Amino acid sequence: MAPTNQVLIKESSNVRTLILNRPKQLNALSLEMVSRLLEVFHAYEEDPNVKLIIMKGEGRAFCAGGDVASVVNDISKGSWKVGADFFSKEFTLNYLMATYTKPQVSFLRGIVMGGGAGVSIHGRFRVVTDNTVFAMPETALGLFPDVGASYYLSRLPGFFGEYVGLTGARLDGAEMLACGLATHFVPLEKLSLLEDALCKANTGDPTIISNIINEFSNKNPKFKEKSQYFRLKTIDRCFSRRTVEEIISALQKEADKNMDDWISWTIESLKKASPTSLKISLRSIREGRLEGVGQCLIREYRMVCTVMRGEVSRDFFEGCRALLLDKDKNPKWKPSKLEFVSKDMVDRYFAALDDKEWEDLKLPARSNLPSYAISKL
Amino acid sequence: MDRVNFRTQIITRHLTNHHTSTTNLLQTATCLNYSPPELSEPSSHFDTNALRKLLDGESMDEIDHMFNLMIQSDLFCRRERGGKVFISPDFNEPMEKQREMTMRRIGYLKEQGVFDGWLTSKGGEAELLGFTRANSCGVFDHSLGIKLGVHFFLWGGAIQFMGTKRHHDKWLRPTETYEVIGCFAMTELGHGSNVRGIETVTTYDANTQEFIINTPCESAQKYWIGGAANDATHAAVFSQLEINGVNEGVHAFIAQIRDGNGNVCKNVRIADCGHKIGLNGVDNGRIWFDNLRIPRENLLNSVADVSPDGKYLSAIKDPLQRFAAFMAPLTSGRVTIAASSMNTTKKGLATAVRYSLSRRAFSLKPNEPEVLLLDYPSHQRRLLPLIAKTYALNFASECLKTIYVNRTQESIKIVHVVSSALKATLTWHSMRTLQECREACGGQGVKTENHVGQLKSEYDVQLTFEGDNNVLMQQVSKALFMEFIAAKKKTKPIEGLGLEHLNKPAPVLPLNLTSSTLRTTQFQTDIFCLRERDLLHRFVSEVSQRQAQGENKEHIFTMTYQIAEDLGRAFSDRFVLQTFLDVEATVPAGSLKNVLGLMRSMYTTIVMEEDASFLRYGYLSTDNAAVVRKEVLKLCSELRPHALSLVSSFGIPDALLGPIGFDWVASNSWSSVKHV
């Protein structure tokens, strides 16, 4: 395909630095970018001259997610299958990264959300810093945490993954390091020095790379005073519940005992989110916990296609309208309440689509699955 | 010629290379790499989720929720091996600590609301949910499953089924919340399977309206009582009831044995059963009662009661019938044991099969890669029939659950017979499978963290508790005998237990078997029915002959145990085949149905090969037995490509399998050793 300036590539002997370059859109992933990354990752795997991949974003964000606004736009013009093509490429890229034989170091400066997490968290090293903001905000948008999130969120300690995935809670660098989403915390002012050091070392040996990053790292970055990480016990108690309804009622019980900003924010964010999204997201994370990353992506692909097809619910389109296009921030979800989302409706997101032209996601055969690639968190 | 070349090469190498440094040798020698079976095995020909659904049905979500709860809690000993998280109890901890951990895990599950409504919700669905929860816990640790089983199924079940409203209102809710911790004091040092022989005696004092429970001799001490040694506050005590000097038979009473602070009550003595070969997370204890007084209301009075002034009241006059009615509801124990033995089996098999798909041994030719264990026909023969059998028995176990939760007054007998037969068959299969898996994993099988070896001792007791397997099988034959005689007396066709085929003419088997005949459902059904029919006739005629000679009936049944055991197995096998066919019928034509058909043929063929009764009684000629044996080999090679998908469809999460089923090179690497 034609070269694009949406992904810049810097070559330094055996190191390739990939720069997401759509700074005005906070580097939101376009189909063009996803296709380019996919192509580059495939090529580098075969290329003996490439030993290490560095991934970063141009401007103040790493990546604010998939460019869903344009996906929705495309769908409204044509068929939902245009969207399917985008997600199929994106998820394949996620899988490639999760099973990659060469180390990927991602520099997570600024915003890392949704699809942005997908192109970094699956990689071997995730470096966060002072201004990192991570979130999986999909339930507020009528979608669900995709890009393999049901794999990596479900591997977080206790039921923190359910919390992050359902509420869209924002995590900072210290919290990401503590829960395992990040492997290193490097202060902002040292990031470029680290990048130089990695290029200079010119190695693909994970142990050496890890040692180099360690030299620049802050091992114990401080939690902010009101960090949600201090609430892990409450999170575990509530978010381990069987259903979304039970989670909310457990949170309400906690609130009755001890109301504070965090609890009320948590309840509020669940009440604002799409009821359908909440239910399919919870089930997705729970199933993902018992699956490998490939199975997770195949399942998420079924889910995302069902979402785009819009037969069970059109919340995704409504969410994009309310938050991205009209920006009235007042989505009208349908079904409007949790109790109206039946088990049968939820089941449909997890089943193969009854459409002759539709196929399950076909992931590329991998020649090698190193142990760290099977589970990194 | 190859061999000559090979030797020449080696000699040349010896001559020319003796001075090369060892580093060079190390560089040229390729090291073993772990390759996950997912990479090397063909992708599944069928929908693995759909197959799992046939095993777990509607319970799938609940099972997965339980797994989620356990995997995410630190109480379940999470450990990382080769980049993956595993959970399993720490069996290296002393008995006391294992027991403490079991109770802490129960506390955690209670906090999660897992026990809400277990006893207070009504209906079959609630009962199924209970089975599912206890059995899912048992996948992690048998001790945890048993502790829940004793508390909910045995103690809770005694209150539910042997008690009446006054007991339900008082005890069920506090049991769910663990304010009351129950145990089930039936077995004694001197009496186990023979419950009617227990020696504990209870009398009634009309003046105080109290029962007095007494342990008259050492052999009457309650023994193996799960929960009694440390935790239980209350016991369902089984005892002979003597009213006005008349023994009214075995009855059950509620007795408090500890106070709220855990101190043993007055007139009760408790001792520990000590360390066991497995299940050390369960505090089995012994109890003596020294004329312990309990309120009159504590008699579980569903079948019989004692009036305040001390009169014995029961609608059922015949003590034998009364005992049978009284004990009837207690089959839930066998139902859950059967189901839980399937989980163990699946855990062991999935681990051993995954290992056999990544471990190699010996090259067939020099310089060729070593052969994958499961590519050896002998290894296939060891493991693959066990997979097919496990599916067959698992379907039967699900069927048993359905029969149990839909039970009626009329179907009690069916529940009893089927649960007895399947409890014995399934637990025997479980132990046999674990032993085979242990050996199939070689030395790795003896390592505790790889599960297969440890599971043997954890689950061995299943063959004994809730009825010794041999005793149960004889009871099955006895029940079949009674059915047959009863139908004959009434000159009515025999009905129920799937015995209707006896009303038809005996099936005629083809003289010379071929591979294709062996795979037809017609033949499979015919030979299983013929075997059951013939053995039942033989059994009836032997018993009748002895009766005609004036022998005592009980004596006859002890003397005819050989044929009784053959018949018990024949009944069980035929029942299992029938449920397999029923499951198959629900599946639309396609790849899943094909693989089910293959497994059914494997199941029937392996039963024919392994059970000597087919040759002993001539259902198979020696020639046909040879055809059967050959077919096993063929079926093995046909099942081989499905091996990974079949064990994946068991639905046991990776975290609950042995690390040996995954990257065993990484999990044993030097870097994984904790360096002090």
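Everything quoted here is computed from the prediction, not taken from an experiment.

Colleague: So what's going on with the overall build of chain A? Which residues, and what values?
Modeller: Helices and strands together make up the secondary structure of chain A, namely 17 helices and 9 strands. Against the globule reference of 21 Å for 377 residues, chain A gives a C-alpha radius of gyration of 20 Å, in line with a compact fold. Dimensions of chain A, computed from C-alpha atoms along their principal axes, come out at roughly 60 × 50 × 40 Å. A buried classification covers 61% of the 377 residues belonging to chain A. Long-range pairs, those at least 24 residues apart, make up 74% of the contacts in chain A between residues at least 6 apart in sequence. A total accessible area of about 15200 Å² is found for chain A, and carbon and sulfur atoms account for 51% of it. Placing the 52 positive and 47 negative side-chain charges of chain A at their respective mean positions leaves the two points 2 Å apart.

Colleague: Would you mind going over the interface of chain B and chain A in detail, with residue names and values included?
Modeller: In many analyses, interface size is given as the accessible surface area lost on bringing the parts together. Contact residues are listed per partner, giving 22 residues for chain B and 21 residues for chain A. Inspection of the chain B/chain A interface yields 2 salt bridges. Aspartate 61 of chain B is the partner of lysine 343 of chain A in a salt bridge, and the nearest nitrogen-oxygen pair spans 3.7 Å. In this assembly, chain B and chain A are joined by 8 residue pairs in polar contact (both at pLDDT 80 or more). Secondary structure elements with two or more residues in the side of chain B that touches chain A: α5 (60-71) and α6 (95-111) of chain B. Broken down by element, the residue count for the side of chain B that touches chain A peaks at 8 residues, all from α5 of chain B. Of the residues belonging to the side of chain B that touches chain A, the class tally is 8 nonpolar, 7 polar and 7 charged.

Colleague: I'd like to hear about empty space enclosed by the protein, residue by residue, with values.
Modeller: Using a probe with the size of a water molecule, rolled over the atoms, empty space left in the structure can be pinpointed. All names here are of chain B. Evaluated as defined, the whole model comprises 9 cavities of 30 Å³ or more. Roughly 210 Å³ of volume is contained in the largest cavity. Mapped by element, the contributors of at least two residues to the lining of the largest cavity are α4 (48-56), α5, α7 (124-140), α11 (332-356) and α12 (377-405). Here the residues of the lining of the largest cavity are counted per class, giving 8 nonpolar, 8 polar and 5 charged.

Colleague: I'd like a rundown of the packing of helix α8 (residues 142-162) of chain B against helix α9 (residues 165-176) of chain B, residues and numbers included.
Modeller: Helix-helix packing: each pair is described by the crossing angle between the helix axes and the interaxial distance. Residue and element names in this part refer to chain B. Two elements in contact, α8 and α9, have axes whose closest approach is 9 Å; the angle formed by their N-to-C orientations is 165 degrees. Considering the angle they form, α8 stands roughly antiparallel to α9. Judged by the sense of rotation from one axis to the other, the crossing of α8 with α9 is left-handed. Taking contact as the criterion, the partners of His151, Phe152, Trp155, Gly156, Ile159 and Gln160 in α8 are, on α9, His167, His168, Trp171, Leu172, Thr175 and Glu176. Residues that form the contact of α8 with α9 fall into these classes: 5 nonpolar, 6 polar and 1 charged.

Colleague: Please set out the nonpolar core residue by residue, giving values where relevant.
Modeller: If you look at the biggest cluster of nonpolar residues, it comprises 265 residues, and the most contacted ones within it are Phe134, Tyr152 and Phe239 of chain A together with Phe238 of chain B. A total of 13 residues in this core trace back to one element, the largest contributor, which is α12 of chain B. Formed by 25 residues, the second largest nonpolar core is a distinct cluster that contains Cys183, Ala232, Ala235 and Ile257 of chain B.

Colleague: Account for the pairing of strand β3 (residues 52-57) of chain A, naming residues and giving values.
Modeller: A regular strand places its side chains on the two faces of the sheet in alternate fashion. Residue and element names in this part refer to chain A. With respect to burial, β3 is a largely interior element, 6 of its 6 residues being buried. Side chains of β3 alternate between two faces, with Leu52, Ile54 and Lys56 and Ile53, Met55 and Gly57 buried alike. Bridge count for strand β2 (residues 15-20) against β3 is 6 bridges, and the pairing is parallel. Bridge pairing in β3 places valine 15 opposite leucine 52. Handedness of the crossover joining β2 and β3 through helix α1 (residues 31-46): right-handed. Pairing of β3 with strand β4 (residues 104-108), which is carried by 3 bridges, proceeds in the parallel orientation. Bridging from a neighbouring strand, isoleucine 53 pairs with glutamine 104 of β4.

Colleague: Outline the UniProt feature "binding site: FAD" (unreviewed entry) in chain B, supporting the account with residue identities and numerical values.
Modeller: Residue and element names in this part refer to chain B. Here the UniProt feature "binding site: FAD" (unreviewed entry) sits at Thr187 and Gly226. Despite a sequence span of 40 residues, these residues sit close together in the fold, their greatest C-alpha distance being 10.5 Å. Within the secondary structure, threonine 187 is located in the loop between β3 (182-185) and β4 (201-205). Setting aside residues no more than four positions away along its own chain, threonine 187 makes contact with Gly192, Gln221, Lys222, Tyr223, Trp224 and Ile225. Summarising the element assignment, glycine 226 is placed in strand β6 (residues 222-226). Here glycine 226 falls in the buried class, since its relative accessible area comes to 8%. In contact with glycine 226, other than residues within four places in its own chain, are Val150, Cys183, Val282, Asp283 and Asn284.

Colleague: Give me the pattern of salt bridges: which residues, what numbers.
Modeller: As enumerated under the stated definition, the model contains 75 salt bridges over all chains in all. For glutamate 631 of chain B, the salt bridge is made with arginine 519 of chain B, and the minimal N-O distance between the two is 2.6 Å. Highlighted residues: glutamate 631 of chain B in helix α22 (residues 622-639) and arginine 519 of chain B in the loop between α16 (515-518) and α17 (521-548), separated in sequence by 112 residues. Through salt bridges with shared partners, a single ionic network connects Arg283, Glu287, Glu291, Arg299, Lys343 and Asp347 of chain A together with Asp61 of chain B.

Colleague: Just give me the short version of the sheet that holds strand β1 (residues 7-12) of chain A, but keep the residues and values in it.
Modeller: Sheet architecture is open: 6 strands sit in the order β1-β2-β3-β4-β6-β9 (chain A), paired in mixed fashion. Each edge of the sheet is formed by a strand with only one pairing partner; in this case those strands are β1 and β9 (184-185) of chain A.

Colleague: Summarise the side chain of threonine 203 of chain A; cite the residues concerned and give the values.
Modeller: Residue and element names in this part refer to chain A. For threonine 203, the position within the fold is in the loop between α8 (191-201) and α9 (206-216). On the basis of relative accessible area, threonine 203 is assigned to the buried category, the value being 13%. A distance of 2.9 Å separates the side chain of threonine 203 from the backbone nitrogen of aspartate 205, its partner in a polar contact. Setting aside chain neighbours within four positions, we find threonine 203 in contact with Lys51, Leu52, Ile208 and Ile209.

Parameters and conventions
The written sequence of each chain sets the order in which its residues are numbered from 1. Both sets of labels track the order of writing: A upward for chains, 1 upward for ligands. With pLDDT at 70 or above as the cut-off, local features in this predicted model cover only qualifying residues; side-chain atom pairs require 80 or more to be listed or tallied, and sums for whole chains, interfaces and linings still use all residues. The side-chain numbers reported here are obtained from all heavy atoms of the structure, hydrogens and water having been left aside. A helix here means a DSSP run of H or I that spans at least four residues, while a strand means a run of E at least two residues long, and both kinds are numbered starting from the N terminus. Radius of gyration means the value over C-alpha atoms here, while the globule rule gives 2.2 Å times the residue count to the 0.38 power. Buried residues are those whose accessible area, probed at 1.4 Å on protein chains only, stays under 20% of the maximum for their type, while exposed residues exceed 50% and partly exposed ones sit between those limits. Contacts are assigned to residue pairs that have any heavy atoms within 4.5 Å of one another. Computed with the Shrake-Rupley method and a 1.4 Å probe, the accessible areas treat only the protein chains shown as cover for residues. Asp and Glu count as negative and Lys and Arg as positive, but His and the ends of the chain are not part of the count. By convention, the charge on Lys lies at NZ, on Arg at CZ, on Asp at CG and on Glu at CD. Note on definitions: salt bridges are taken to be side-chain nitrogens of Lys or Arg within 4 Å of carboxyl oxygens of Asp or Glu. Definition of a polar contact: a pair of N or O atoms within 3.5 Å, with one able to donate and the other able to accept a hydrogen when the atoms are protein atoms, and with sequence-neighbouring residues admitted only if both atoms are side-chain atoms. The classification used treats Ala, Val, Leu, Ile, Met, Phe, Trp, Tyr, Cys and Pro as nonpolar, Asp, Glu, Lys and Arg as charged, and all other residues, Gly among them, as polar. Computed over the protein atoms alone on a 1 Å grid, cavities are sets of points where a 1.4 Å probe fits but cannot get out and pockets are open sets with protein on both sides within 12 Å along at least five of seven lines; a residue lines them when it has an atom within 4 Å of a point. Grid points are joined across faces, edges and corners, and a volume is the space filled by probe spheres set on the points. Fitted lines through C-alpha atoms give the axes, limited to the stretch in contact for helices. The angle between two N-to-C directions lies from 0 to 180 degrees. Orientation categories follow fixed angle ranges, with anything under 35 degrees roughly parallel, anything over 145 roughly antiparallel, 65 to 115 roughly perpendicular, and all other angles oblique. Each crossing is labelled by how the near helix is turned from the far one, with a counterclockwise turn of less than a right angle marking it left-handed and a clockwise turn marking it right-handed. Side-chain atoms within 4.5 Å link the members of a nonpolar core, which is a set of buried Ala, Val, Leu, Ile, Met, Phe, Trp, Tyr and Cys residues. Here, any two strands with at least 2 DSSP bridges between them count as paired. Place the viewer so that the strands point away; then a crossover is right-handed whenever the path from the first strand over the helix to the second strand goes clockwise. UniProt positions are given in the numbering used here, feature names are shortened, and annotations may be inferred rather than shown by experiment.

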